[in-house]
Amino acid sequence: MKIKNLVVIILFCIFFIIGFSIYNNRKELIDEKKMYESMKMVEYNKEKETNSILISEVKRDDEISIDEYFEVKKILGTEKLVKRFNESKNDGIKKKMKTLLDDFNNKNIEIMRGNSKKEIEKLLGKTKFIGDSSVKLIADNNYLSPKFYGYKKGYSVRKQIDSIDNFLDEDIENIVLFNGFNVGHINNSSELIKDYEDLIKKIREKLNNVNIYICSLNPASDEKILEDINTGGFHNMHRAKEFDVALRDYFETTDITYVDTKWIIRPEYYSGDGYHFRQSFYFVMIPWLCYIINL
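Just so it is clear, the structure is predicted and the values come from calculations on it, not from any experiment.

S.K.: Residues and numbers for the overall build of the chain, please.
M.R.: Along its length, the chain carries 11 helices and five strands. Residues counted as buried form 42% of the 295 residues belonging to the chain. Within the chain, contacts between residues separated by at least 24 positions form 73% of all contacts whose residues are at least 6 apart in sequence. When the accessible surface of the chain is summed, it comes to about 17,000 Å², and 54% of that surface belongs to carbon and sulfur atoms.

S.K.: Go over the pairing of strand 4 (residues 211–215) with me, naming the residues and quoting the values.
M.R.: Burial analysis of strand 4 places four of its five residues in the buried class, the great majority of the element. Relative to strand 4, strand 3 (residues 174–178) runs parallel, the two being bridged by four bridges. Paired with N174 across the strands is N211, a residue of strand 4. Viewed along the sheet, the connection from strand 3 through helix 8 (residues 189–206) into strand 4 turns out right-handed. Two strands pair when backbone bridges link them, and strand 4 and strand 5 (residues 257–259) are joined in this way by three bridges, in the parallel orientation. Pairing of I214 across the sheet is with Y258, part of strand 5.

S.K.: Break down the packing of helix 4 (residues 91–105) against helix 11 (residues 279–293) for me, with residues and values.
M.R.: For the pair helix 4 and helix 11, the least separation of the axes is 10 Å and the interaxial angle reads 160°. Taken as axis vectors, helix 4 and helix 11 run roughly antiparallel relative to one another. Seen from above, helix 4 lies across helix 11 with left-handed handedness. Taken together, the residues of helix 11 that come into contact with helix 4 (itself represented by I93, K96, M97, L100 and F104) are F283, V284, P287, W288, Y291 and I292. Across the contact of helix 4 with helix 11, the residue classes tally to 10 nonpolar, no polar and one charged.

S.K.: I'd love a proper account of the packing of aromatic side chains, names of residues and values included.
M.R.: Inspection of every chain in the model, using the stated rule, returns 14 aromatic pairs. With a centroid separation of 5.2 Å and an interplanar angle of 85°, the aromatic rings of F104 and W263 are classed as edge-to-face. Taken together, the residues F104 in helix 4 and W263 in the loop between strand 5 and helix 11 connect sequence positions 159 residues apart. Centroid distance W263 to W288: 4.9 Å. Interplanar angle 70°. Geometry classified as edge-to-face. Placement of the pair is W263 in the loop between strand 5 and helix 11 and W288 in helix 11, with a sequence separation of 25 residues. The exposure classification of W263 matches that of W288, with both residues buried. Three or more aromatic residues joined by ring pairs form one cluster here, namely Y143, F178, Y270, F277, F281, Y282 and F283. Between K94 and the ring centre of F85, over which it is positioned, the NZ or CZ distance is 4.9 Å.

S.K.: Could you give an account of the confidence of the model for the chain, naming the residues involved and the relevant values?
M.R.: Mean pLDDT over the chain: 85, with 78% of residues reaching 70 or higher. For residues 46–65, every residue scores under 50 in pLDDT, and the model assigns this stretch zero contacts once sequence neighbours within four places are set aside.

S.K.: I'd like to hear about the nonpolar core, residue by residue, with values.
M.R.: Of all hydrophobic cores here, the largest spans 47 residues; its most connected members are M97, F129, L144, I286 and W288. For this core, the secondary structure elements donating two or more residues are helix 3 (79–87), helix 4, helix 5 (114–124), helix 6 (133–140), strand 3, strand 4 and helix 11. Beyond its immediate chain neighbours, meaning those up to four positions away, M97 contacts V72, L76, F85, W288, Y291, I292 and L295. Core analysis: the next-biggest nonpolar cluster, separate from the first, contains 34 residues, I175, L177, I186 and A246 among them.

S.K.: With reference to specific residues and values, describe the sheet that holds strand 3.
M.R.: Neighbouring strands of a sheet are bound in pairs by backbone hydrogen bonds; such pairs are parallel or else antiparallel. With parallel pairing, the five strands of this open sheet are ordered in space as 2-1-3-4-5. Two strands bound the open sheet, and with one partner strand each, they are strand 2 (149–151) and strand 5. If you compare each strand with its neighbour and ignore which way they point, the axes differ by 20° on average. Along the sheet, helix 6 contacts strand 1 (127–131), strand 2 and strand 3; its crossing angle with strand 2, the most-contacted strand, is approximately 130°.

S.K.: Give a description of the pattern of salt bridges that names residues and reports values.
M.R.: Applying the stated criterion to the full structure yields 18 salt bridges. Among the ionic pairs, D255 bridges to R204, the shortest N-O distance being 3.0 Å. Placement of the pair is D255 in the loop between helix 10 (240–251) and strand 5 and R204 in helix 8, with a sequence separation of 51 residues. A salt bridge links R248 to D249, with the shortest nitrogen-to-oxygen separation between them at 2.9 Å. A single network of salt bridges, built from pairs that share partners, joins R158, K194, D195 and D198.

Procedures and definitions
- Residues numbered from 1 in each chain as written.
- Predicted model: local features only at pLDDT ≥ 70, side-chain atom pairs only at ≥ 80, totals over all residues.
- Heavy atoms only, no water.
- Helix = DSSP H or I, 4+ residues; strand = E, 2+ residues; numbered from the N terminus.
- Buried < 20%, exposed > 50% of the residue type's maximum accessible area, 1.4 Å probe, protein only.
- Contact = heavy atoms within 4.5 Å.
- Areas by Shrake-Rupley, 256 points an atom, 1.4 Å probe, with all protein chains shown as cover.
- Pairing = 2+ DSSP bridges.
- Right-handed = clockwise from strand over helix to strand, strands pointing away.
- Axes fitted to C-alpha atoms, helices over the stretch in contact; angles between N-to-C directions.
- Parallel < 35°, antiparallel > 145°, perpendicular 65-115°, else oblique.
- Left-handed = near helix turned anticlockwise from the far one by under 90°.
- Nonpolar A, V, L, I, M, F, W, Y, C, P; charged D, E, K, R; others polar.
- Phe/Tyr/Trp six-rings, centres within 6.5 Å; stacked < 30°, edge-to-face > 60°.
- Lys NZ or Arg CZ within 6 Å of the ring centre and 35° of its normal.
- pLDDT = per-residue confidence, 0-100.
- Core = buried A, V, L, I, M, F, W, Y, C linked by side-chain atoms within 4.5 Å.
- Salt bridge = Lys/Arg side-chain N within 4 Å of Asp/Glu carboxyl O.

This is how it looks when you write it as structure tokens:
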């Protein structure tokens, strides 16, 4: 009888520990959800207040001389790229960047087909986009010819290290790394940075002088982030901003160029899954990277 009671007590303790652990994990995710919703509201109010201030300033003084390229430089994302823009003598590319931004703001995006596509590919030259399903969409929609991309769908940055050699042609001059939400296994931003460092090291073992660009980790839609949190947060979608800021700040101090593409995102640009993007995003993103490379 004593043994039976002891077994019951042990089983009770095990179930209690498991239940308590599940409760803690659930509470953590609920707190993450509240924090995320609160953060979005703060960002909304801040943006609303900022826009209001900018409008009032313009009304007070219509005579202020504004730099022709102010809007372009505002969305470049890093001091490194602003400096590169300022020092560039390629006025033709600067004008193309401004025109692209104006067209984007006016919702007048030119479809990358025919002569437009040929012009972009000519400017890209010996450039290759490499990544996961974010790059696969370039292939699926024929935005660029096959020589301009290589991808491994569902591969994290860490997993790409073993397959990167397959995409490294000897004459490549520029590589654009574009990845999405294969970061579910990442515990902190240092891990993601280390994965990128190791991938870059592998690239430069074969192409020592190649220029490397890393695209921002673009956020999923708000609905998708909350859905992911509610189902356990397994994809780390709610941590996109944390990871992205870390990538930007770290690579700002290296010879790698971080490129912000978050400004291109509009709610209607999300595909049905809430974290990939429709063609309108790529019609801006690909030329934007092309122009930055040519500055």
